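Here is how the chains run, residue by residue.
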Amino acid sequence: MKMISVFHNKGGVGKTTLLYHVACALAEKGKKVLLIDLDPQSNLTLYGLDEERVQKIWFDEERYVNEGFPEGINTLNSETNNDLLQSARSVHFLLKPVESGVDDYVKLPPPCNLSENLYLIPGSITLSQFETVLADRWSNPSDGDVLSIRTMTQFRTISKRYSAEFGFDFVLVDVSPSLGLLNRAIVTTCDSFFMPVTPDLFSMYGIRNIGQSLKKWENSSIQINNIKTRALRALYPEDCVKFLGYTIYKAQQREDQELGMVGAHRNYALRIPEEIAFWIPKLYVTEKNNDQIKESIGKSSIWFTHNTYPALAQKYKCPIWNVPSKSLDAVDASTVRLNKQRLLYTRSAYSTFTDDFLSRL
């Protein structure tokens, strides 16, 4: 199992769209993929599930998400034929036992099946509450505080348990545009992360902010290696999270210009490789990828804006390239017909991206 996040601390760079379509491309290549929505905004969830189903999931588990397990035991483990664990649950529900300081669920609720080889653990708008719990329990891992370490690593524990039971090759996690404690716990317990970068000033400074944060997080990696209890050390990855690389995303195309993009975007795009090389600490780059991270993953395959295509993908719960095969509303039919070839082309574009992505693992 490889647990991988898409990460950028600037919003609007397209990370959720990118992650979802990479997952779809991996699934089409025969890889079994689990998506986990760890962004409280839950946009990834809406790529796979309609609002009515999301609402039912949240409603059915509301008591436990709000109240936890105040008795000090995981009561759902002692109740037989518990319907709540027979159907898909949100990620905050899965985190609730460690948040309440009780044992994990013995039985795992099934993930949502989106398509062949592709599954989802839905997000929850209440997930931000878990960051408060993290803040209360964040301590030096070498102290051996079991509950603290369980809390900090629970995202990975959930990923490993689902992979072991359902046979997932990849767990891809979406996170919020933040450098806060929640994302620190998520990203530092992943095996790898990659980064979409829009060619603009704010996204460029985002690279700098991420690099500076990774530098600060180096101490956590050192402390983790000092954990002497084998069972607790095993809750973390064997090595610190590794940076797979970046891709330019949502650039405006102009084929008669250098890099095939408009000048304002090109000027920033040309600077990205040196910004990446300067700001991402060497600790987080494998020797294998030391030269590759200077090049956009998949080269220019997915650089340019998808226009309104992601909105269509989210509406019809499928990757962009499958939209033309769906039963379309009249309001969308003419747009899709006129842009059918562009929509279909995204399949090969993401396939190219994903091949390079896999080569860096």
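Read on for an overview of the structure.

Conventions we followed
- Residues numbered from 1 in each chain as written.
- Predicted model: local features only at pLDDT ≥ 70, side-chain atom pairs only at ≥ 80, totals over all residues.
- Heavy atoms only, no water.
- Helix = DSSP H or I, 4+ residues; strand = E, 2+ residues; numbered from the N terminus.
- Rg over C-alpha atoms; globule rule 2.2 N^0.38 Å.
- Buried < 20%, exposed > 50% of the residue type's maximum accessible area, 1.4 Å probe, protein only.
- Contact = heavy atoms within 4.5 Å.
- Areas by Shrake-Rupley, 256 points an atom, 1.4 Å probe, with all protein chains shown as cover.
- Lys, Arg positive; Asp, Glu negative; His and termini not counted.
- Charge placed at Lys NZ, Arg CZ, Asp CG, Glu CD.
- Phe/Tyr/Trp six-rings, centres within 6.5 Å; stacked < 30°, edge-to-face > 60°.
- Axes fitted to C-alpha atoms, helices over the stretch in contact; angles between N-to-C directions.
- Left-handed = near helix turned anticlockwise from the far one by under 90°.
- Nonpolar A, V, L, I, M, F, W, Y, C, P; charged D, E, K, R; others polar.
- Core = buried A, V, L, I, M, F, W, Y, C linked by side-chain atoms within 4.5 Å.
- Salt bridge = Lys/Arg side-chain N within 4 Å of Asp/Glu carboxyl O.

Moving on: the overall build of the chain. When you go through the chain residue by residue, the secondary structure sums to 16 helices and 7 strands. Compactness check: the chain gives a C-alpha radius of gyration of 21 Å against a globular reference of 21 Å for 361 residues, within 12% of the reference. Residues counted as buried form 54% of the 361 residues belonging to the chain. Contacts spanning at least 24 positions in sequence make up 79% of the contacts within the chain whose residues lie at least 6 apart. Carbon and sulfur atoms form 48% of the exposed surface of the chain, whose accessible area is close to 15,900 Å². When the 41 basic and 41 acidic side-chain charges of the chain are each reduced to a single mean position, those positions are 4 Å apart.

Here we take up the side chain of Glu218. Along the chain, Glu218 falls in helix α10 (residues 201-225). Residue contacts for Glu218: discarding those within four places in its chain leaves Pro281, Leu283 and Tyr284.

Under the defined criterion, the tally for this structure stands at 17 aromatic pairs. Seen from their ring centres, Tyr162 and Phe166 are 5.7 Å apart, and the 15° between their planes marks the pair as stacked. Pair noted here: Tyr162 and Phe166 are both in helix α8 (residues 146-166), with a separation of 4 residues, about one helical turn. For Tyr162, a relative accessible area of 2% gives the class buried. One aromatic cluster is present, formed by Tyr64, Phe69, Phe93 and Tyr105 through successive ring pairs.

Looking now at the environment of Ser100. Assignment of secondary structure puts Ser100 in helix α6 (residues 91-100). C-alpha separation for the pair Ser100 and Lys288, spaced 188 residues apart in sequence, amounts to 42 Å. Each residue touching Ser100, except ones within four places of it in the same chain, is listed here: Gly68 and Phe69.

Looking now at the packing of helix α7 (residues 129-137) against α8. At a minimum axis separation of 9 Å, α7 and α8 run at an interaxial angle of 140°. Where α7 crosses over α8, the handedness of that crossing is left-handed. Every residue of α8 that contacts α7 at Phe130, Val133, Leu134 and Arg137 is listed here: Leu147, Ser148, Thr151, Met152 and Phe155. Of the residues in the contact of α7 with α8, the class split is 6 nonpolar, 2 polar and 1 charged.

A separate point is the nonpolar core. Ranked by internal contacts, the top residues of the largest apolar core, which has 68 residues, are Phe93, Phe155, Met195 and Ile276. Among the elements that line this core, the one with the most residues is α10, at 6 residues. Here Met195 is in contact with Phe7, His8, Ile207, Ile210, Phe243, Gly245, Tyr246, Thr247, Ile276 and Ile280, once residues within four sequence places are set aside. Core analysis: the second largest hydrophobic core is formed by 43 residues, Leu19, Leu26, Ala27 and Val54 among them.

Think of it this way: side chains of opposite charge can pair up when their charged atoms draw near. Applying the stated criterion to the full structure yields 16 salt bridges. The salt bridge partner of Asp104 is Arg150, with a shortest N-O separation of 3.0 Å. Placement of Asp104 in the loop between α6 and β3 (112-115) and of Arg150 in helix α8 is noted, with a sequence separation of 46 residues between them. The closest approach of N and O atoms between Lys215 and Glu218, which form a salt bridge, is 3.8 Å. Taken together, the residues span about one helical turn, with Lys215 and Glu218 both in helix α10 at a distance of 3 residues.

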